Amino acid sequence: MSVETPVVAVDGPSGVGKGTLALSLSAHLRWHLLDSGALYRLVALSAMRQRTALDDETTLAGIARTLPVAFSVQPGQGVRIDLAGDDVTRAIREEHVGDAASRVAALPAVRANLLERQRDFRTAPGLVADGRDMGTVVFPHAPLKLFLTASAEVRARRRAAQLSVPENSATFEKIYSDIISRDQRDASRTTAPLKPADDAVILDTSELGIDQVLRQAITLIVDRGLQ
Ligand code: DC
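Residues numbered from 1 in each chain as written. Predicted model: local features only at pLDDT ≥ 70, side-chain atom pairs only at ≥ 80, totals over all residues. Heavy atoms only, no water.

Novice: Just to check I follow, could you spell out the pairing of strand β7 (residues 144-149) for this structure?
Specialist: On a regular strand, one side chain projects to one face of the sheet and the next to the other, so that they alternate. Counting buried positions over the 6 residues of β7 gives 5, a clear majority of the element. In terms of strand pairing, strand β1 (residues 7-11) meets β7 through 4 bridges, oriented parallel. Note that in β7 the partner of Val 10 across the bridge is Leu 146. The sheet contact formed by β7 and strand β8 (residues 201-204) spans 4 bridges and is parallel. Bridge pairing in β8 links Phe 147 to Ile 202. (Buried < 20%, exposed > 50% of the residue type's maximum accessible area, 1.4 Å probe, protein only. Helix = DSSP H or I, 4+ residues; strand = E, 2+ residues; numbered from the N terminus. Pairing = 2+ DSSP bridges.)

Spelled out as structure tokens, the structure:
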């Protein structure tokens, strides 16, 4: 019997620190990294560039199936993402692309067409998979599933700090309300809604720094004999 390549699933809502944890973990373990949110963002960006409506499920599913994307690790700088040869690493992080990604991610045919592409990332020696449904749908047998949480207010403050937005401003209120509405959309969709797998370990990061979260994750990985 072959031993399956291990996967650590890292799920949770926007702005909870999943991306930072997944990147640090994959660097620490020297495992591959799947940023599944980037795939939904790429579908959204492609659709907007070719003026496809964000509810045109058939066309969007076609975009998801044929997405000409290349991920390349840039040591010390994260991952560079090219779409049909165009560097879109920054473009896909814009707020309006994130919002559009959340809309296209609600479409079952888009999710179905990204499924195998995500599973293909599972190659030796291991994979850290970051998203919303890594532990529930994409890798339901992952030997370790982490689900990160933090209050919407803490997440809004972190996002505002990244953007140098003061906390008592209208922009801050907008960031906060956008987080709430994106959470609602991600958690209430019928296909693969955002929720922890039954066997996920819940880590509340509201009061923790990235180093503490990383240490807890590594302890769990070692305890489970994954490394
Ligand atoms: O993690 P992120 O902000 O880059 O994700 C962008 C959007 O994609 C998010 O609003 C929800 C969606 N998404 C998803 O539905 N399933 C995933 N596995 C990852 C992201």
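Alright, that's what it looks like, and here's the rest.
Novice: What am I meant to see in the site of the ligand here?
Specialist: Close contacts around the ligand come from 16 residues, with Arg 41, Arg 111, Arg 132, Asp 133 and Arg 189 the closest. With respect to the ligand, the side chain of Asp 133 contributes an N or O atom lying 2.9 Å from a nitrogen atom. Calculation on the ligand without its partners gives an accessible area of 450 Å², and the protein chains cover 95% of this total. Secondary structure elements with two or more residues in the shell around the ligand: α2 (36-49), α4 (95-104) and α8 (170-188). In terms of residue count, α2 provides more of the shell around the ligand than any other element does, 4 residues in total. Grouping the amino acids of the shell around the ligand by side-chain chemistry returns 4 nonpolar, 4 polar and 8 charged. (Near = heavy atom within 4 Å. Polar contact = N/O pair within 3.5 Å; in protein donor to acceptor, adjacent residues only side chain to side chain. Areas by Shrake-Rupley, 256 points an atom, 1.4 Å probe, with all protein chains shown as cover. Nonpolar A, V, L, I, M, F, W, Y, C, P; charged D, E, K, R; others polar.)

Novice: Got a minute to help me understand the nonpolar core in this structure?
Specialist: In a soluble, globular protein the nonpolar side chains are often hidden away together inside. Core analysis: the largest hydrophobic core is formed by 35 residues, its most contacted members being Leu 34, Leu 42, Val 43, Leu 60, Leu 67, Val 110 and Phe 139. Among the secondary structure elements, those contributing two or more residues to this core are β1, α2, α3 (57-66), β4 (78-83), α4, α5 (108-119), β6 (127-131) and α6 (134-138). With 8 residues, α2 is the single largest residue contributor to this core. Counting residues in each nonpolar core, the second largest holds 22 residues, with Val 10, Leu 144, Ala 217 and Ile 221 among its members. (Core = buried A, V, L, I, M, F, W, Y, C linked by side-chain atoms within 4.5 Å.)

Novice: Looking at this structure, I do not really get the environment of Leu 194. What am I missing?
Specialist: Mapped onto the secondary structure, Leu 194 falls in the loop between α8 and β8. Sequence-wise, Leu 194 and Arg 132 are 62 residues apart; in three dimensions their C-alpha atoms are separated by 5.4 Å. Discounting residues that sit within four places of it in the chain, Leu 194 has contacts with Gly 12, Pro 13, Arg 132, Phe 147, Asp 186 and Ala 187. (Contact = heavy atoms within 4.5 Å.)

Novice: Looking at this structure, how should I read helix α7 (residues 152-162)?
Specialist: Think of an α-helix as 3.6 residues a turn; residues three or four steps apart then line up on the same face. Within the sequence span of α7, burial applies to Ala 152, Val 154, Arg 155, Ala 156 and Ala 160. Positioned one or two residues after α7, Ser 164 has a phi angle of 55°, which is positive.

Novice: What should I look at first to understand the sheet that holds strand β2 (residues 32-35) in this one?
Specialist: Hydrogen bonds between backbone atoms are what pair the strands of a sheet, whose relative direction is either parallel or antiparallel. With parallel pairing, the 5 strands of this open sheet are ordered in space as β2-β6-β1-β7-β8. At either end of the open sheet lies a strand with only one pairing partner, and these are β2 and β8. Going across the sheet, the axis of each strand differs from the next one's by a mean of 20°, ignoring polarity. Where β2 meets β6, 4 bridges bridge the pair, whose relative direction is parallel. Residue pairing in the sheet places Asp 35 in a bridge with Asp 130 of β6. (Axes fitted to C-alpha atoms, helices over the stretch in contact; angles between N-to-C directions.)

Novice: What's the story with the pattern of salt bridges in this structure? I'm lost.
Specialist: Proximity of charged atoms lets side chains of opposite charge pair with each other. A complete count under the given rule lists 17 salt bridges for this structure. In this structure, Asp 133 engages Arg 111 in a salt bridge whose closest nitrogen and oxygen atoms are separated by 2.9 Å. Placement of the pair is Asp 133 in the loop between β6 and α6 and Arg 111 in helix α5, with a sequence separation of 22 residues. As far as the burial class goes, Asp 133 and Arg 111 line up, both buried. In this structure, Glu 167 and Arg 157 form a salt bridge, with 3.8 Å as the shortest nitrogen-oxygen distance. Within this pair, whereas Glu 167 is found in the loop between α7 and α8, its partner Arg 157 is found in helix α7, the two being separated by 10 residues in sequence. (Salt bridge = Lys/Arg side-chain N within 4 Å of Asp/Glu carboxyl O.)

Function cannot be inferred from these measures alone, as they are strictly geometric.
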